[in-house]
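Summary of the model geometry
Given next are the chains, with one letter for each unit.
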Amino acid sequence: MILAPMQGLTEVLFRKAYEECFPGAIQLAVSPFLSLTHGNLADAWEKIEDVLPENNVGSIPVIPQILGKEPAEFVELGNRLYELGYNEINWNMGCPMRKVTGKHRGSGILPYPDEVRSVLDKVVPHLKAKLSVKMRLGLRSKEEIFALVPILNDYPLISVTIHPRLGRQQYNGVPDLDTFGRVLPEINHPVIYNGDIKTAADARQIKKRFPEVVDIMIGRGILYDPTLPLEEVSEERRLELRKQFIGHLMERIGEVMPTEESCIRKTKEYWCLVWRALPISEIDARKVLHEQKLTDVEKLIYMFLQ
Ligand SMILES: Cc1cc2nc3c(=O)[nH]c(=O)nc-3n(C[C@H](O)[C@H](O)[C@H](O)COP(=O)(O)O)c2cc1C
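Residues numbered from 1 in each chain as written. Predicted model: local features only at pLDDT ≥ 70, side-chain atom pairs only at ≥ 80, totals over all residues. Heavy atoms only, no water.

1. Describing helix α11 (residues 260-274)
In this model α11 runs 20 Å from its N-terminal to its C-terminal C-alpha over 15 residues, within 8% of the 21 Å that 1.5 Å per residue would give. Among all positions of α11, only Ser262, Cys263, Ile264, Lys266, Thr267, Lys268, Tyr270, Trp271, Leu273 and Val274 are buried. (Helix = DSSP H or I, 4+ residues; strand = E, 2+ residues; numbered from the N terminus. Expected span 1.5 Å × (residues − 1). Buried < 20%, exposed > 50% of the residue type's maximum accessible area, 1.4 Å probe, protein only.)

2. A short note on the domain arrangement of the protein chain
Segmenting the protein chain into domains produces domain 1 (2-224) and domain 2 (235-304). For domain 1 and domain 2, the distance between their C-alpha centroids amounts to 28 Å. Taken together, the contact between domain 1 and domain 2 spans 13 residues of the former and 14 residues of the latter. Summed over both partners, the interface of domain 1 with domain 2 comes to about 1300 Å²; 74% of that surface belongs to carbon and sulfur atoms. Of all residues in domain 1, Leu13, Leu223 and Tyr224 give up the largest surface area on contact with domain 2, accounting jointly for 43% of the area buried on that side. The interface formed by domain 1 and domain 2 holds two salt bridges in total. (Domains from an automatic or database assignment. Contact = heavy atoms within 4.5 Å. Buried area = accessible area lost by both parts, 1.4 Å probe. Salt bridge = Lys/Arg side-chain N within 4 Å of Asp/Glu carboxyl O.)

3. Description of the packing of aromatic side chains
If you walk through the whole model with that rule in mind, you get 10 aromatic pairs. Centroid distance Phe14 to Tyr18: 6.1 Å. Interplanar angle 25 degrees. Geometry classified as stacked. Pair noted here: Phe14 and Tyr18 are both in helix α1 (residues 12-21), with a separation of four residues, about one helical turn. As far as burial versus exposure is concerned, Phe14 and Tyr18 are alike and both buried. Seen from their ring centres, Phe22 and Phe245 are 5.9 Å apart, and the 35 degrees between their planes marks the pair as tilted. Here Phe245 lies in helix α10 (residues 235-256) and Phe22 lies in the loop between α1 and β2 (28-30), a separation of 223 residues in the sequence. Each member of the pair, Phe22 together with Phe245, is buried. (Phe/Tyr/Trp six-rings, centres within 6.5 Å; stacked < 30°, edge-to-face > 60°.)

4. Comments concerning the sheet that holds strand β3 (residues 34-35)
Pairing is parallel across the open sheet formed by 10 strands, whose spatial order is β3-β5-β6-β7-β8-β9-β10-β1-β2-β4. The outermost strands of the open sheet, each flanked by one partner alone, are β3 and β4 (62-63). The pairing of strand β8 (residues 160-166) with strand β9 (residues 191-194) spans three bridges and is classified as parallel. Opposite Ile162, over in β9, you have Tyr193 as the bridge partner. (Pairing = 2+ DSSP bridges.)

Next up, the structure:
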């Protein structure tokens, strides 16, 4: 299983906390994107800490992801990452945020096969690392992917991860498994499935229905239930492990965040998702979000972890 990139969530803090609690349960992670905003490396460099090898000791092994379509800067950043020891770079062709898609970045490039070809033409031969891509079915239409696949097939990509939604859907609706199944045989690269895997049974169903899929990438599902990848664990033990993990994550946040304010913000960001791993109601979970002092936030969370 592969941990999905989630900006602000599956960063190194989380990847380390997870690996410390469940060593080897997730074999690989793709980092939240490093953005080449306006073709500017400075933005990407601001986030470089997340993938610096010295910061990732003891973390789930990570593949850095780049968001952007400026070939020269892509190659420069990619090759700097290669010098840091990364043999694979992932290209984000899935981000659905409007300010991103409006500039033909993320899933905004999916309706433009010529632009995709032009980026790949200019990037692949100069990139020292190998390239993989993570994409949706399209921005506005699921037919977009069918025009892109012959282009993707022309390049030596390591893998193609597909989240079978449209960019304009954001996270609404359900993944379109029929279209995923139609496009799968057309792709000459290893394909990784991503989207709405919330239980081990969901993952098994995808593998059963699409045996060609080489791996499954999971994002929100791991936060809803960090024990999802663990097999043959009793429900009672699962609950203990979930509590241990949330407690450990909270400790790590406390150690890493520089100020009380940032610590509260980060704790609440994670809490919005991870509370679902506990047998508590949404009304109770929301009480944490109303607390203003770190000691009160922590007191309440630790009460739920008893
Ligand atoms: C808060 C948040 C941040 C995300 N950040 C990224 C990102 O940086 N790069 C990326 O490719 N996808 C990003 N995604 C999309 C996820 O990687 C994934 O494709 C999506 O959540 C569907 O998978 P899931 O249902 O397993 O969560 C993000 C999703 C969320 C909810």
